[in-house]
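# Overview (structure and organization)
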Amino acid sequence: MLAHPVRGLTGSHVFNRTAIRTMATARRQAFETIPSSPIRVMRTVDAVRRWRKPQYLDHRIVSLVPTMGALHQGHLSLIRSAARESHHVVVSIYVNPAQFGIKEDLASYPVTWESDCKILAELDRELADDGGNLGRISAVFAPTTPEMYPSGFPGQEVNSKGSFVILTPISEILEGRTRPTFFRGVATVCMKLFNIVQPEKVYFGQKDVQQTVLIRKMVKDFMLPTEVVIGPTIRESDGLALSSRNVYLGERRRKVAPVLNRALKAAEERYLNGALDRKQLLDAANSVITGVLNEQSALSPEKRAIFEVDYISLADPSSMEELTEIDPKKGSILSGAIKMLPVESPQPGEDLGHSGGPAVRLIDNIILKPSTET
Ligand SMILES: Nc1ncnc2c1ncn2[C@@H]1O[C@H](COP(=O)(O)OP(=O)(O)OP(=O)(O)O)[C@@H](O)[C@H]1O
Ligand SMILES: CC(C)(CO)[C@@H](O)C(=O)[O-]
Ligand code: BAL
């Protein structure tokens, strides 16, 4: 819905109240909104700046929830938290090409603008009805790539030249080892989003735990005036972490996908029973993985779903560097990544998932909290 401002009225001699009211209404409506909602859609840096300025003057708390769209309950839980604690929630929807490697799934990444808008409009009504919120969803920022990269898009290659925000060594380990441009892309786009929206608070999900450590570090090291809030991982009933990429899985691989969460939970159980040693904890996780892989391998090609393990990690909570033993005063981050391979021998009519079911990278983690006795 795009309402245009009324032009030419100022030339009229009959400048009565109705005309003034019409002009005021037109000015108020001179922006795009999500249908059946008051949520503004802002597509340019300039539009955000114009909207943002009066919020400073009114001492309103503005928060930002950065997303790549294809919204699910994980995103909605972050938006709900933001609305409880701020007067205005801005949700950004932007599939940032710079964080995708050249061989990654940028071309097939789910883009679901219409349903995202419906989901946001519905959530906004829920937020309005709930007296416990400070604010609602005020705006969606949905820029284009030329808007976000005003000097031209630098490219997705590892050796691309351009203006980047790079944090090392955090960007080089774990996810960064397999996705060498990923955290450069994330830090760069988040710095841009923070500079555009100037949020008092930013909300990120624990599902992408290394991303949360990176963002906290960026905010600290570049003295950004924003508070980083991390929301819990929202899961399906069988433990699979919600992720926009789950749509790629299809039925056969979806059944096997909770293996990563089960493996991490087995290691967590050992920690909760007092184990601190890396080998003891990771053995528990690896034995779940080996068990499921053996089960799947024993099935015929038209029934099985095979995956590869990228890493299972036990890392320091602030640097994400690997630990040999957990310091119970600090705790640890237990995380993992697996690659679900495309199914073998697809069956006629089989649900293979979005885009024909390409390989899907799944990540998950559990925070091993410091023990309170020490
Ligand atoms: N299951 C979840 N629970 C809580 N937060 C989540 C969950 N999934 C994603 N988020 C958070 O939502 C924000 C936007 O993430 P994004 O749009 O990439 O969705 P995603 O589901 O992580 O997609 P992808 O499949 O690409 O990883 C990030 O801060 C991310 O950590
Ligand atoms: C933070 C983010 C929106 C940056 O593009 C993305 O990495 C994501 O969705 O987690
Ligand atoms: N949620 C992380 C975004 C990505 O994998 O590109």
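See the structure shown above.
Structure report, in brief. (Residues numbered from 1 in each chain as written. Chains lettered and ligands numbered in written order. Predicted model: local features only at pLDDT ≥ 70, side-chain atom pairs only at ≥ 80, totals over all residues. Heavy atoms only, no water.)

## Topic: the site of ligand 2
Around ligand 2, a shell composed of Pro-66, Thr-67, Met-68, Gln-99, Val-186, Val-189, Cys-190, Phe-204 and Gln-211 is seen. In this structure, Gln-99 approaches ligand 2 through a side-chain N or O atom, which is 2.7 Å from an oxygen atom. Within the side chain of Gln-211, an N or O atom sits 2.7 Å from an oxygen atom of ligand 2. Bound to the protein, ligand 2 loses 89% of the 280 Å² it would expose on its own. Looking at the shell around ligand 2, the elements that each hand over two or more residues are strand 2 (62-67) and helix 7 (182-197). Of all the elements, helix 7 adds the most residues to the shell around ligand 2, at three residues. When grouped by side-chain class, the residues that make up the shell around ligand 2 number six nonpolar, three polar and no charged. (Near = heavy atom within 4 Å. Polar contact = N/O pair within 3.5 Å; in protein donor to acceptor, adjacent residues only side chain to side chain. Areas by Shrake-Rupley, 256 points an atom, 1.4 Å probe, with all protein chains shown as cover. Helix = DSSP H or I, 4+ residues; strand = E, 2+ residues; numbered from the N terminus. Nonpolar A, V, L, I, M, F, W, Y, C, P; charged D, E, K, R; others polar.)

## Here we look at the pattern of salt bridges
Taken as a whole and judged by the stated rule, the model has 20 salt bridges. The partner of Glu-200 in a salt bridge is Arg-52, and the shortest N-O contact between them spans 3.2 Å. Here Arg-52 lies in helix 2 (residues 45-57) and Glu-200 lies in the loop between helix 7 and strand 5 (201-205), a separation of 148 residues in the sequence. Residue classification places Glu-200 among the partly exposed residues on the basis of a relative accessible area of 30%. Under the relative-accessibility criterion, Arg-52 is labelled buried at 2%. Residues Asp-316 and Lys-330 are paired through a salt bridge, measuring 3.0 Å at the closest nitrogen-oxygen approach. (Salt bridge = Lys/Arg side-chain N within 4 Å of Asp/Glu carboxyl O. Buried < 20%, exposed > 50% of the residue type's maximum accessible area, 1.4 Å probe, protein only.)

## Topic: the sheet that holds strand 3 (residues 88-93)
The parallel open sheet is built from six strands, whose spatial order is 1-4-3-2-5-6. Strand pairing shows two members of the sheet lacking a second neighbour, strand 1 (40-42) and strand 6 (227-231), which therefore form its edges. The mean inter-strand angle of the sheet, taken between neighbouring strand axes irrespective of direction, is 25°. Of the pairings in the sheet, the one linking strand 5 to strand 6 comprises five bridges and is parallel in character. Residue Phe-204 lies in a different strand from strand 6, and its bridge partner there is Ile-230. Running at roughly 130° to strand 1, helix 2 makes contact with strand 1, strand 2, strand 3 and strand 4 (136-141) of the sheet. Across the sheet, helix 4 (residues 113-129) lies against strand 1, strand 3 and strand 4, angled at about 160° from strand 4, the strand it touches most. (Pairing = 2+ DSSP bridges. Axes fitted to C-alpha atoms, helices over the stretch in contact; angles between N-to-C directions. Contact = heavy atoms within 4.5 Å.)

## Section: the side chain of Thr-212
Looking at the secondary structure, you find Thr-212 in helix 8 (residues 209-221). Here the side chain of Thr-212 touches Val-209 through a polar contact of 2.6 Å, landing on its backbone oxygen.

## What about the nonpolar core?
Core analysis: the biggest nonpolar cluster contains 45 residues, and Phe-194, Ile-215, Met-218 and Met-320 have the highest contact counts within it. In terms of residues, this core owes the most to one element, helix 7, which gives eleven residues. A domain split of this core shows at least three residues from each of domain 2 (32-231) and domain 3 (244-368). Ranked by size, the runner-up nonpolar core spans 35 residues in total, among them Leu-260, Ala-263, Ile-312 and Leu-368. (Core = buried A, V, L, I, M, F, W, Y, C linked by side-chain atoms within 4.5 Å. Domains from an automatic or database assignment.)

## Some points on the sheet that holds strand 7 (residues 307-315)
Within the open sheet, the three strands sit side by side as 7-8-9. Their pairing is antiparallel. The open sheet has two edge strands, strand 7 and strand 9 (360-368), and neither has a second partner. For this sheet, the mean angle separating the axes of adjacent strands, direction not counted, is 10°. Bridge analysis of strand 8 (residues 332-340) against strand 9 gives nine bridges, and the strand direction is antiparallel. Each bridged residue has a counterpart across the sheet, and for Ile-333 the counterpart in strand 9 is Ile-367. Strand contacts of helix 11 (residues 278-297): strand 7 and strand 8, with the helix running at about 165° to strand 7, the strand carrying the most contacts.

## Things to note about the site of ligand 3
Lining the immediate environment of ligand 3, one finds Met-68, Gln-99, Arg-179, Phe-182, Asp-208 and Arg-245. The contact in question runs from an oxygen atom of ligand 3 to an N or O atom on the side chain of Gln-99, over 3.1 Å. Arg-245 places a side-chain nitrogen or oxygen 2.7 Å from an oxygen atom of ligand 3. Protein chains bury 85% of the 230 Å² of accessible surface belonging to ligand 3 in isolation. Split by residue class, the shell around ligand 3 holds two nonpolar, one polar and three charged.

## Quick notes on helix 4
Taking 1.5 Å per residue, 17 residues should reach 24 Å; helix 4 reaches 24 Å between its end C-alpha atoms and fits that length. Listed in full, the buried residues belonging to helix 4 are Asp-116, Cys-117, Leu-120, Ala-121, Leu-123, Asp-124 and Leu-127. (Expected span 1.5 Å × (residues − 1).)

## Brief notes about the packing of aromatic side chains
Considering all chains together, one arrives at four aromatic pairs under this definition. Summarising the aromatic geometry, the rings of Phe-100 and Tyr-109 are spaced 5.6 Å apart at their centres and angled 80° between planes, so their arrangement reads as edge-to-face. Each ring, one from Phe-182 and one from Phe-183, has its centre 4.7 Å from the other, and the planes form 55°; the classification is tilted. In this structure Phe-183 comes out as buried when scored by relative accessible area, which is 1%. In this arrangement the basic side chain of Arg-179 is found over the ring face of Phe-182, its NZ or CZ atom lying 4.0 Å from the centre. One residue, Lys-192, lies across the ring of Tyr-149, its end atom 4.2 Å from the ring centre. (Phe/Tyr/Trp six-rings, centres within 6.5 Å; stacked < 30°, edge-to-face > 60°. Lys NZ or Arg CZ within 6 Å of the ring centre and 35° of its normal.)

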